[in-house]
Structure formats: structure tokens, C-alpha cells
Amino acid sequence: MKIGIVGITGAVGKELLALIKERKFSFSEIRLFASNKSVGKKIKFKSKIYKIIKLDKKNLGGLDLVFFVAGSTVSKKFATIASKNGSYVIDNSSAFRLNRNIPLIIPEINSDALIKSNSRIIANPNCTTIISLMGIKPLLNIQKIKRVVATSFQSVSGAGNNGMYELLTNTKRFFSNKKSLNVVFDKNITFNVIPKIGSFKSNGYTEEEIKFNNESRKILNDKNILLSATTVRVPVIRSHSISLNIEFKGRIEINKIKKEIIKFPGIDLIDNPKKNQFPTPIDSSNRDNCIIGRIRKDYSKNNSIWAWIVGDQIRKGAALNAIQIAELLVRK
């Protein structure tokens with residue numbers, strides 16, 4: 001295959017390149033694209049030196065597969081061009097996620113939607129949606145779900161390289177008694193949490209919270225499931241955490257839930273209160289699988305549980321999921 005990566009200089013672009021090597025994803029040619037200021041810069045990959053090239057219609061020609069990890073503005077302009085050129089497109093932005101004719105895929109959950117689709121554009125879900133549903137989907141194999149209330153604790157890597165840089169820089173400034181410089185985030189992220197990711201909408205929810213609702217329903221193919229979220233930015237470098245309160249339509253047993261999770265691909269169980277064992281963001285960083293724990297019945301409501309899930313935002317929340325989609329396409 002001849003492949004391209006649009007957004008190679010970003011955190012997800014770099015992770016994607018590393019995963020292509022790690023998972024031995026086969027290609028005969030690879031083209032690396034970034035913004036105009038990066039054109040001409042060199043990147044070493046698999047003992048070869050590649051120059052970053054300009055993103056335009058001509059340079060996108062002749063590719064079999066293009067990964068877009070450069071944001072929705074770029075995707076809206078160039079992903080359609082690439083698909084019309086005959087390329088498959090795996091897009092990590094929000095540009096096409098809710099388009100009814102474009103599949104929104106988490107391979108462990110709804111690979112059948114990709115197999116059935118004729119679309120040359122495939123959408124990669126939001127990172128919080130991916131990590132949350134990796135914990136929710138196994139439970140649907142036991143009992144139908146009525147309602148999910150999620151609170152996310154999202155690392156600064158969700159805002160890319162600049163987000164990570166701002167946290168580290170402001171931490172240094174804090175210890176030097178210097179004022180924080182808030183460019184990426186609305187407020188100082190150092191030793192703080194910010195209960196806002198994305199802009200506020202008229203209903204008081206943020207973009208990120210609405211994404212969780214809409215994307216989850218599409219992936220699970222369930223318009224009746226009720227979902228509500230609060231998304232919070234926290235001073236963690238890498239990996240997101242989500243607290244889930246899940247209400248089922250019928251009776252559930254914790255032991256059955258744990259057994260189902262153990263069987264499900266892409267997720268690990270760390271849950272032993274007696275030994276003080278539970279997952280944290282650091283445990284999932286640079287790791288393919290998400291990790292779930294703190295599973296317990298909600299004593300305030302029948303047929304309900306609490307659970308805590310963590311996952312690497314850059315990896316499974318973005319780059320790894322994209323590579324897994326590409327591997328599905330190859331098999332298809």
C-alpha cells in the first residue's frame with residue numbers, strides 16, 4: 001500500500017508513525033504531510049530520511065490510504081479530495097463522525113459497520129468516547145443499559161503537544177514564583193482542574209460532552225440509551241480517566257461483569273480492593289489496552305454500578321484505533 005499521514009508533527013502523528021513500525025503495517029511508499037511551516041523538515045523513520053511535503057491535491061494523488069490527524073478544518077478541505085482520488089481516508093477529527101453515510105469505528109466494538117460500508121472515509125471517534133465504550137460494551141453482552149453518567153478526567157495530551165508543553169512550562173513557572181501563561185487552556189492547568197473542554201453550547205454543555213452522547217449512540221447503534229457527561233481537563237500528561245455510573249434495565253452481578261470484561265479484547269481488569277489494586281492514568285500510559293477497576297454496585301439505585309476506566313489518549317484514544325481500522329481495511 002501507498003500511505004500518507006497528514007499532521008505528522010503532532011503528538012498523534014508521531015504516535016501513528018511509531019505504531020506503523022511496531023505493528024509492522026506494510027507499505028511500499030509513505031508520504032508525510034504537515035503545515036506549511038514544517039514543509040521540507042526531515043523525519044527519520046525505519047533507517048530512512050523522509051521530507052515533510054506540502055499538503056495539496058497533487059501530492060495526495062496515487063495513495064491507497066491516508067491518515068488525517070490534523071484537525072477538522074484540514075480534514076473538511078482535504079479528506080474529500082483524497083477520497084475522490086480513490087484513497088481510503090481514516091480521519092481522527094470530528095469532521096465526519098456524525099455523517100450517517102460514514103462509519104464511526106472502534107474495531108473491538110463495531111467492526112461490522114466498516115465491513116458493511118462502501119464509504120472511502122472512515123471516522124475515528126473522540127478519545128473519551130473510545131475509552132469509555134471499551135468499558136461499556138462488554139457489559140452490554142450481559143444486560144441492556146438504560147443510562148450512563150460519565151465524568152472524564154482528561155490529560156493535557158488531549159490538547160496535543162502544546163497542551164503538554166503548557167502544563168510542564170507552567171509547573172516550572174509555579175516553582176519560580178512566575179505567573180502562569182495560559183495560551184492553550186482557558187485557565188491555569190498546573191495544580192488545577194478545568195471543567196470545560198471545547199466551547200459551551202446554548203444548553204450549558206460543552207462540545208466534548210455532546211460528542212460523547214452523539215458518538216456513543218452511533219457506535220452502539222442504540223438511540224434509546226441515555227448518556228450524560230461532564231468533561232474535565234486535569235494536570236496529567238498522558239492518558240484519560242473516566243468515572244462511569246451505569247444503570248441497567250435488569251439485574252446484574254459484579255462477578256459476571258468482571259468475567260465478561262476479562263474475555264473482552266482490548267481491556268484489562270485491575271480491581272482488588274483488599275490488595276489496594278486499581279488502575280490509574282500512569283498504568284495505562286504507552287499501553288494498548290484500556291484498564292478498568294473500582295467496579296461496585298451503586299447502593300443508591302437498583303441495577304446500577306460504578307466503574308473507573310483509564311486509557312492512553314494518544315494511543316488507543318487516537319493513533320492505535322486508527323491503525324486498527326487500517327488493519328481491518330486491509331483484511332476487507
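## Considering the overall build of the protein chain
Argument step 1. When helices and strands are tallied, the protein chain shows 10 helices and 13 strands.
Argument step 2. Taken against the 2.2 N^0.38 rule, which gives 20 Å for 332 residues, the C-alpha radius of gyration of the protein chain at 20 Å falls within 12% of a compact globule.
Argument step 3. Along the first, second and third principal axes, the C-alpha atoms of the protein chain reach 60 × 55 × 45 Å.
Argument step 4. When each of the 332 residues of the protein chain is scored for burial, the buried share is 50%.
Argument step 5. Considering only contacts within the protein chain whose residues lie at least 6 apart along the sequence, 66% involve residues at least 24 apart.
Argument step 6. As displayed, the protein chain has an accessible area near 16,400 Å², and 49% of this comes from carbon and sulfur atoms.

## Digging into the sheet that holds strand β5 (residues 65-68)
Argument step 1. Strand order in this open sheet of 7 strands is β3-β4-β2-β1-β5-β6-β7, and the pairing throughout is mixed. Every interior strand has two partners, whereas the edge strands, β3 (42-45) and β7 (121-123), have only one. Direction aside, neighbouring strands of the sheet carry axes that sit 25° apart on average.
Argument step 2. Across 4 bridges, the pairing between strand β1 (residues 2-6) and β5 is parallel. Each bridged residue has a counterpart across the sheet, and for Gly4 the counterpart in β5 is Val66.

## Focus: the sheet that holds strand β12 (residues 290-297)
Argument step 1. As summarised here, the arrangement of the 6 strands in space is β9-β8-β10-β13-β12-β11, forming an open sheet in which the pairing is mixed. The open sheet has two edge strands with one neighbour each: β9 (226-233) and β11 (267-269). Going across the sheet, the axis of each strand differs from the next one's by a mean of 20°, ignoring polarity.
Argument step 2. Where β12 meets strand β13 (residues 304-311), 5 bridges bridge the pair, whose relative direction is antiparallel. Bridge pairing in β13 places Ile291 opposite Val310.
Argument step 3. Contacting β8 (145-154), β10 (240-248), β11, β12 and β13, helix α5 (residues 127-140) crosses the sheet at an angle of about 35° to β10.
Argument step 4. Packed on one face of the sheet, helix α8 (residues 254-263) meets β10, β11, β12 and β13 and runs near 170° to β12.

## Some remarks on a positive patch on the surface
Argument step 1. Side chains of Lys21, Lys24, Lys44, Lys46 and Lys48 sit close together on the surface and give a patch of like positive charge.
Argument step 2. Within the element layout of this structure, Lys46 appears in the loop between β3 and β4 (48-53).
Argument step 3. With relative accessibility at 42%, the residue Lys46 sits in the partly exposed group.

## Brief notes about helix α10 (residues 315-331)
Argument step 1. At Asn321, α10 shows its largest bend, some 35°.
Argument step 2. Counting buried positions over the 17 residues of α10 gives 15, a clear majority of the element.

## Here's the deal with the packing of helix α1 (residues 11-22) against α10
Think of two packed helices as two axes; the pair is described by the angle between the axes and how far apart they sit.
Argument step 1. The geometry of α1 relative to α10 is characterised by a closest axis approach of 9 Å and an angle of 45° between their N-to-C directions. Put simply, α1 runs oblique to α10. Judged by the twist between their axes, the crossing of α1 over α10 is right-handed. On α10, the residues touching Val12, Glu15, Leu16, Leu19, Ile20 and Glu22 of α1 are Arg315, Ala318, Ala319, Leu320, Ala322 and Ile323.
Argument step 2. Broken down by class, the residue content of the contact of α1 with α10 amounts to 9 nonpolar, no polar and 3 charged.

## Examining a nonpolar patch on the surface
Argument step 1. Taken together, the side chains of Phe174, Phe175 and Phe191 present a nonpolar region at the surface, about 390 Å² in accessible area.
Argument step 2. Relative to the helices and strands, Phe191 is located in the loop between α6 (160-175) and α7 (207-220).

Scoring rules and cut-offs
- Residues numbered from 1 in each chain as written.
- Predicted model: local features only at pLDDT ≥ 70, side-chain atom pairs only at ≥ 80, totals over all residues.
- Heavy atoms only, no water.
- Helix = DSSP H or I, 4+ residues; strand = E, 2+ residues; numbered from the N terminus.
- Rg over C-alpha atoms; globule rule 2.2 N^0.38 Å.
- Buried < 20%, exposed > 50% of the residue type's maximum accessible area, 1.4 Å probe, protein only.
- Contact = heavy atoms within 4.5 Å.
- Areas by Shrake-Rupley, 256 points an atom, 1.4 Å probe, with all protein chains shown as cover.
- Pairing = 2+ DSSP bridges.
- Axes fitted to C-alpha atoms, helices over the stretch in contact; angles between N-to-C directions.
- Patch = residues over 30% accessible without salt bridge, like charges linked within 9 Å, V, L, I, M, F, W, Y side chains within 5 Å.
- Salt bridge = Lys/Arg side-chain N within 4 Å of Asp/Glu carboxyl O.
- Lys, Arg positive; Asp, Glu negative; His and termini not counted.
- Charge placed at Lys NZ, Arg CZ, Asp CG, Glu CD.
- Bend = angle between axes of the 7 residues up to and from the residue.
- Parallel < 35°, antiparallel > 145°, perpendicular 65-115°, else oblique.
- Left-handed = near helix turned anticlockwise from the far one by under 90°.
- Nonpolar A, V, L, I, M, F, W, Y, C, P; charged D, E, K, R; others polar.

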